[in-house]
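Spelled out from the first residue to the last, the chains are:
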Amino acid sequence: MALNHLNLLRPMGQSLLRPLLVTSRVRAPLLYPTTSCFPVAFSKGYATKKSKAKAKSQSAKVNINSALVEDIISLDEVKADMTAVLNALKDDFTRNLTIRTSTGALDHIVVTTQDGKFPLNQLGQISVKSPQLIMVNMSSFPEATAAATHALRESVMNLNPEVDGTIIKVPVPKVTREHRENLVKLAKKNSNKAKESLRKVRSQAITQVKKSKDTHSEDIIRLVEKQIQQLMDSISADIDTQLEAKSKEILG
């Protein structure tokens, strides 16, 4: 009799245990939380590869033979125009944004005379007597002394020249921290103007390229436009380099 009761309970016990076993199989992964990270890690790896591929495609550069597209535009002329903008900025930095006392500091001063316009160093002998004084000997062209003095006074260098016969004494203003910071601001302003000039050159070039859409494929036009953009980006980076170097020089 007891054995029969046991036989009846055995299937019932197995049926009660089966849901527990099934449930334990479902919940078992919760004991290993790292397994839940697999999909995330896979997605992250995929995103990284995708980002790298995108960055690689964006960094790809074109290098067109200018002779092959000269009927569309002269890339050499575009590059020359952009380089001229950079050179003009370099020249401006050298002439107008210097705090060093040297004979070359006044070379860029243009003197207007009855016979025309001449650089100061062609009319007078420039020499540095001390860090605070530059002298210009106008004995070779004494008639241009007054004009040279006027040119010095009207320059952007904030000079106050004094005349002693044919000698022009130019006191060099003391360089204060405020003056240095103002020069850096002026350098940034001139750099921004140079970049504006670059954008104008680029815009004019792109306008010219678009005129050839009827005679050239869209792929060719797109490549030429990209080449022009690359030229501008390169010169723009050079402008940033010049500005950084000049700012460090001014601030000391």
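Residues numbered from 1 in each chain as written. Predicted model: local features only at pLDDT ≥ 70, side-chain atom pairs only at ≥ 80, totals over all residues. Heavy atoms only, no water.

**A short note on the overall build of the protein chain**
The test is simple: Helix and strand assignments come from DSSP, with helices taken as H or I runs of at least 4 residues and strands as E runs of at least 2, each series counted from the N terminus. Contact between two residues is taken to exist if any of their heavy atoms lie within 4.5 Å; hydrogens are not considered. What sets the accessible areas is the Shrake-Rupley method with a 1.4 Å probe; for residues, cover comes only from the shown protein chains.
The helix and strand tally for the protein chain stands at 7 helices and 6 strands. Tracing the protein chain from N to C terminus, the helices and strands come up as α-α-α-β-β-α-β-β-α-β-β-α-α. Within the protein chain, residue pairs in contact and separated by at least 24 positions form 64% of the contacts whose partners lie at least 6 positions apart. Split by element, the accessible area of the protein chain, about 17400 Å² in all, is 55% carbon and sulfur.

**As for the pattern of salt bridges**
Quick note on the threshold: Each salt bridge in this description consists of a side-chain nitrogen of Lys or Arg and a carboxyl oxygen of Asp or Glu lying within 4 Å of one another. Under the scheme applied here, a residue whose accessible area is under 20% of the maximum for its type counts as buried, over 50% as exposed, and between as partly exposed, the area being computed with a 1.4 Å probe on protein chains only.
Applying the stated criterion across every chain, the model contains 8 salt bridges. Measuring nitrogen to oxygen at the nearest pair gives 4.0 Å for the salt bridge that ties Lys169 to Asp164. On the basis of relative accessibility, which here comes to 49%, the residue Asp164 falls in the partly exposed class. For Lys195, the salt bridge identified is with Asp240, shortest N-O distance 2.6 Å. Of this pair, Lys195 sits in helix 6 (residues 177-210) while Asp240 sits in helix 7 (residues 218-251), and the two are 45 residues apart along the sequence. Its relative accessible area of 36% is what places Asp240 among the partly exposed residues. A single network of salt bridges, built from pairs that share partners, joins Glu218, Asp219 and Arg222.

**Notes on the nonpolar core**
Going by this rule: Buried Ala, Val, Leu, Ile, Met, Phe, Trp, Tyr and Cys residues form a nonpolar core when they are joined through side-chain atoms within 4.5 Å.
Judged by nonpolar contacts, the single largest core of 30 residues is most densely connected at Ile73, Val78, Met82, Val224 and Ile228. Sequence-distant contacts of Ile228, defined by excluding residues within four places in its chain, comprise Ile73, Leu75, Val78, Met82, Arg202, Ala205, Ile206 and Val209. Core analysis: the second largest hydrophobic core is formed by 18 residues, Ile109, Met138, Leu159 and Val170 among them.

**Here we look at helix 5 (residues 145-154)**
Short version of the rule: In this context, the arc is that of the directions from the helix axis out to the C-beta atoms.
Thr145, Ala148, Thr149, Ala151 and Leu152 are the residues of helix 5 that are buried. Each buried residue of helix 5 lies within a common arc of 160° when the element is viewed along its axis, so the set occupies one face. Every exposed residue of helix 5 that faces more than 90 degrees away from the buried side is listed here: Ala146 and Glu154. In this structure, the buried side of helix 5 is in contact with strand 1 (110-113), helix 4 (120-123), strand 5 (162-164) and strand 6 (167-171).

**Some thoughts on the pairing of strand 1**
Rules: The criterion for strand pairing is that DSSP finds at least two bridges linking the strands in question.
One ladder, built from 4 bridges, connects strand 1 with strand 2 (residues 116-119); its direction is antiparallel. Paired with Thr113 across the strands is Gly116, a residue of strand 2. Connecting strand 1 to the next strand, strand 2, in antiparallel fashion are 2 residues.

**What to know about the pairing of strand 6**
Burial of strand 6 is one-sided: the residues Ile168 and Val170 facing one way are buried, the residues Ile167, Lys169 and Pro171 facing the other way are not. Both strand 5 and strand 6 contribute to a ladder of 3 bridges, which runs antiparallel. Within strand 6, the residue paired with Val163 across the bridge is Ile168. The loop that links strand 5 with its antiparallel partner strand 6 comprises 2 residues; one of these, Gly165, has a positive phi angle of about 70°.

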